[in-house]
Amino acid sequence: MLNGKTAVVTGSTSGIGLAIAEAFAAAGCRIVLNGILSSEKAEELVQRFGKLSGAECFFHPADLADPEQCTALIRDTEARFGTVDILINNAGVQHVAPVEQFPVEQWNAILAINLSAAFHTIRAALPHMQKRDSGRIVNIASVHGLVASVDKSAYVAAKHGLVGLTKVVALENAGKGITCNAICPGFVLTPLVQKQIDDSAAREEISVEQATRKLLERKQPSERFVSAEEIAALAIFLCSEAASSITGAALPIDGGWTAQ
Ligand code: NAD
């Protein structure tokens, strides 16, 4: 069913976004990759995707902190492939500090990349989707779109905002063949989380293994990381015909974190 569709995956040079892009490529989608990457590495990535599936693929270097580049990502995709069928807003950054010490520039960057970028890409992609009465939007939020943790004010605010945006887009487009949902992962071992583990190991003067165990024990009852491939499989399902009635949902995939 996804064969021949065009999927834009933001932040797809690493971690969860890369696994999602690989899954959609394997399903036969034309893929637009995006992220912060040198042009040589981007070229290598595009070549690897070419081997992964016969479908076309290109890399768009939009810096999603900039609203105009968010819009350009959608416009350039439409110019090249005619349409955006599937939009996965995945790019995200993290910074950890108590509110009173939180650097203002980190607050602004996290809100811009983790929340406002999704508004700008959705705003640009919707008119074409509405014309065709068809479209799928998946926003990669977080358990932190549903519950809070200390020292993550900007991230929690942005992810709660992203869940709210998801619901409004779903309601405004209900009955138009367009769904919009949020996926809310618990901990996934990607560079974003590895940095938090390394920082806490250094701060608490414990080994990286001990810091990893502590992180999972504190939050994630399954005591294992969610895999990026599990998240990709959920995104594929949300973009399938079988998920046509799922819209405005914020789906946890968190080893029991938010059940507590
Ligand atoms: P990651 O650091 O591995 O990947 C982040 C991606 O975003 C990279 O491709 C990076 O180039 C891109 N990116 C960062 N800033 C950008 C910018 N200004 N413009 C364009 N692209 C930019 O992180 P990840 O863990 O794979 O996270 C992906 C998403 O999943 C994020 O939104 C994150 O908040 C969310 N998430 C992650 C976890 C986790 O445990 N790893 C849990 C819940 C939610």
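Residues numbered from 1 in each chain as written. Predicted model: local features only at pLDDT ≥ 70, side-chain atom pairs only at ≥ 80, totals over all residues. Heavy atoms only, no water.

Student: Describe the overall build of the chain, and please don't skip the residues or the numbers.
Tutor: Helix and strand content of the chain: eight helices and seven strands. Relative to its length of 260 residues, the chain is compact, with a C-alpha radius of gyration of 18 Å against a globular reference of 18 Å. With the C-alpha coordinates of the chain rotated into their principal frame, the extents come out at 55 × 40 × 35 Å. Expressed as a percentage of its 260 residues, the buried residues of the chain come to 51%. (Helix = DSSP H or I, 4+ residues; strand = E, 2+ residues; numbered from the N terminus. Rg over C-alpha atoms; globule rule 2.2 N^0.38 Å. Buried < 20%, exposed > 50% of the residue type's maximum accessible area, 1.4 Å probe, protein only.)

Student: Describe the sheet that holds strand β1 (residues 6-9), with residues and values.
Tutor: Spatial strand order, β3-β2-β1-β4-β5-β6-β7: seven strands in an open sheet with parallel pairing. One side of each edge strand has no neighbouring strand; the edge strands of this open sheet are β3 (57-60) and β7 (250-253). The average undirected angle you get between the axes of adjacent strands in this sheet is 20°. Note that strand β5 (residues 135-140) and strand β6 (residues 178-185) share six bridges and pair parallel. Its bridge partner being in β6, Val-138 is matched across the sheet by Asn-181. The strands that helix α2 (residues 39-52) touches are β2 (30-34) and β3; relative to β3, the one it contacts most, it runs at about 155°. Those strands touched by helix α3 (residues 67-81) are β1, β2, β3 and β4 (86-89), and its axis lies near 155° from that of β3. (Pairing = 2+ DSSP bridges. Axes fitted to C-alpha atoms, helices over the stretch in contact; angles between N-to-C directions. Contact = heavy atoms within 4.5 Å.)

Student: Lay out the packing of helix α6 (residues 191-204) against helix α7 (residues 208-219) with the relevant residues and their values.
Tutor: Close contact between α6 and α7 brings their axes to 9 Å; oriented N to C, the two are set at 115°. Classified by the interaxial angle, the pair formed by α6 and α7 is roughly perpendicular. The handedness of the crossing between α6 and α7 comes out as right-handed. Along its contact with α6, which presents Val-193, Gln-194, Ile-197, Asp-198, Ser-200, Ala-201 and Glu-204, the element α7 presents Val-208, Ala-211, Thr-212, Lys-214 and Leu-215. (Parallel < 35°, antiparallel > 145°, perpendicular 65-115°, else oblique. Left-handed = near helix turned anticlockwise from the far one by under 90°.)

Student: Break down the site of the ligand for me, with residues and values.
Tutor: Around the ligand, the surrounding shell holds 31 residues, and the nearest of these are Thr-13, Ser-14, Tyr-155, Val-188 and Thr-190. Between the ligand and Lys-159 there is a distance of 2.9 Å, counted from an oxygen atom to a side-chain nitrogen or oxygen. Between the ligand and the protein, one listed contact pairs an oxygen atom with a side-chain N or O atom of Thr-190 at 2.4 Å. The fraction of the free accessible surface of the ligand (830 Å²) that becomes covered by protein chains is 92%. Among the elements of the structure, α1 (15-26), α5 (153-172) and α6 are those that each provide at least two residues to the shell around the ligand. Tallying contributions element by element places α6 first for the shell around the ligand, with three residues. (Near = heavy atom within 4 Å. Polar contact = N/O pair within 3.5 Å; in protein donor to acceptor, adjacent residues only side chain to side chain. Areas by Shrake-Rupley, 256 points an atom, 1.4 Å probe, with all protein chains shown as cover.)

Student: Describe the pairing of β2, listing the residues and the values that go with them.
Tutor: Counted residue by residue, β2 has four buried out of five residues, so it is predominantly covered. Where β1 lies against β2, four bridges are found, and the strand directions are parallel. From the neighbouring strand, Ala-7 faces β2, where its bridge partner is Ile-31. On the question of chirality, the crossover connecting β1 to the parallel β2 by way of α1 is right-handed. When β2 meets β3, the two strands line up parallel, connected through four bridges. Residue pairing across strands places Leu-33 opposite Phe-59, the latter belonging to β3. Chirality of the crossover, the property in question, places the unit of β2, α2 and β3 among those that are right-handed. (Right-handed = clockwise from strand over helix to strand, strands pointing away.)

Student: I'd love a proper account of the domain arrangement of the chain, names of residues and values included.
Tutor: Each assigned domain of the chain is listed here: domain 1 (6-186 + 226-259) and domain 2 (189-225). Measuring from the centre of the C-alpha atoms in domain 1 to the corresponding centre in domain 2 gives 25 Å. Taken together, the contact pairs 18 residues of domain 1 with eleven residues of domain 2. Of the roughly 980 Å² buried where domain 1 meets domain 2, counting both sides, 53% is carbon and sulfur surface. When the area that domain 1 buries against domain 2 is broken down by residue, the three leading residues are Val-226, Gly-255 and Trp-257, summing to 43%. Taken together, domain 1 and domain 2 are joined by one salt bridge. Notably, a salt bridge pairs Glu-230 with Arg-224, separated by 2.9 Å at the nearest N-O pair. In this structure, the connection of domain 1 to domain 2 is made through four residue pairs in polar contact (both at pLDDT 80 or more). (Domains from an automatic or database assignment. Buried area = accessible area lost by both parts, 1.4 Å probe. Salt bridge = Lys/Arg side-chain N within 4 Å of Asp/Glu carboxyl O.)

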